[in-house]
Amino acid sequence: MALTKLDQLYRQVILDEANHPRHHGTLAAPTHTITVRNPSCGDVLTLQLRVADGVVQDAAFAGSGCTISQASGSLMTDQIIGQTPAVVQQMVQTFSQLVIDGTAPDADLLGDAAILSGVHQFPARIKCATLAWKAASQALTEGEHND
Ligand code: ZN
């Protein structure tokens, strides 16, 4: 089956995100740090957040993993900066629904990250896509506070 032009575009965007990830590295003064793993693929991701004044001021991720996990980390960090922790938790739920079902009622909340909806066609890769988002959720609820 030939890829549609749209599929090709999505694939290119995902590759670009993975090869040139935004917010990759570490933060100078994180308030939350967490490391999560996806054993089924071998993805490892460390996420750092700086939350102040009730908003995610900055986010960075590091680690190693497949294209989908890296692209998702890049898209996720870019989208959660400037959001309140409550909105981030809502985004995490929406993202999970989007990559499992291929659609979610409030997918607009995810901005550019909604491009990963195509992952629903590859059930084995869903955990790769959700890893970074689960890290954000866990960091905000149970992450190590180093302030
Ligand atoms: Zn993976």
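Residues numbered from 1 in each chain as written. Predicted model: local features only at pLDDT ≥ 70, side-chain atom pairs only at ≥ 80, totals over all residues. Heavy atoms only, no water.

J.: I'd like a rundown of the environment of C128, residues and numbers included.
T.: Mapping C128 onto the fold places it in helix α4 (residues 126-142). C128 sits in the buried class, given a relative accessible area of 1%. In sequence terms C128 and N38 are 90 residues apart; their C-alpha atoms lie 6.8 Å from each other. Apart from the residues lying within four places of it in its own chain, the contact partners of C128 are N38, C41, D43, C66, I68, S69 and S72. (Helix = DSSP H or I, 4+ residues; strand = E, 2+ residues; numbered from the N terminus. Buried < 20%, exposed > 50% of the residue type's maximum accessible area, 1.4 Å probe, protein only. Contact = heavy atoms within 4.5 Å.)

J.: Before we move on, could you go through the environment of L110 and cite the residues and values that matter?
T.: With respect to the helices, strands and loops of the structure, L110 is situated in the loop between α3 (85-101) and α4. The buried category is assigned to L110, whose relative accessible area is 0%. C-alpha separation for the pair L110 and V88, spaced 22 residues apart in sequence, amounts to 9.6 Å.

J.: Before we move on, could you go through unusual backbone geometry and cite the residues and values that matter?
T.: Of note, H23 is a non-glycine position whose phi angle comes to about 60 degrees, a positive value. Mapped onto the fold, H23 is located in the loop between α1 (5-19) and β1 (32-38). Here H23 falls in the partly exposed class, since its relative accessible area comes to 27%. Backbone geometry at D53 places phi at a positive 55 degrees, although glycine is not the residue there. Assignment of secondary structure puts D53 in the loop between β2 (43-52) and β3 (55-64).

J.: Describe α4, with residues and values.
T.: Here α4 contains 17 residues, and its C-alpha end-to-end distance of 23 Å stays within 8% of the 24 Å for a straight helix at 1.5 Å per residue. At A132, α4 is bent by approximately 35 degrees, the largest bend along its length. Most of α4 sits inside the fold, with twelve of its 17 residues counted as buried. When we look at burial in α4, the residues that qualify are I126, C128, A129, T130, L131, A132, W133, A135, A136, S137, A139 and L140. Of the surrounding elements, those touching the buried residues of α4 are β1, β2, α2 (67-80) and α3. (Expected span 1.5 Å × (residues − 1). Bend = angle between axes of the 7 residues up to and from the residue.)

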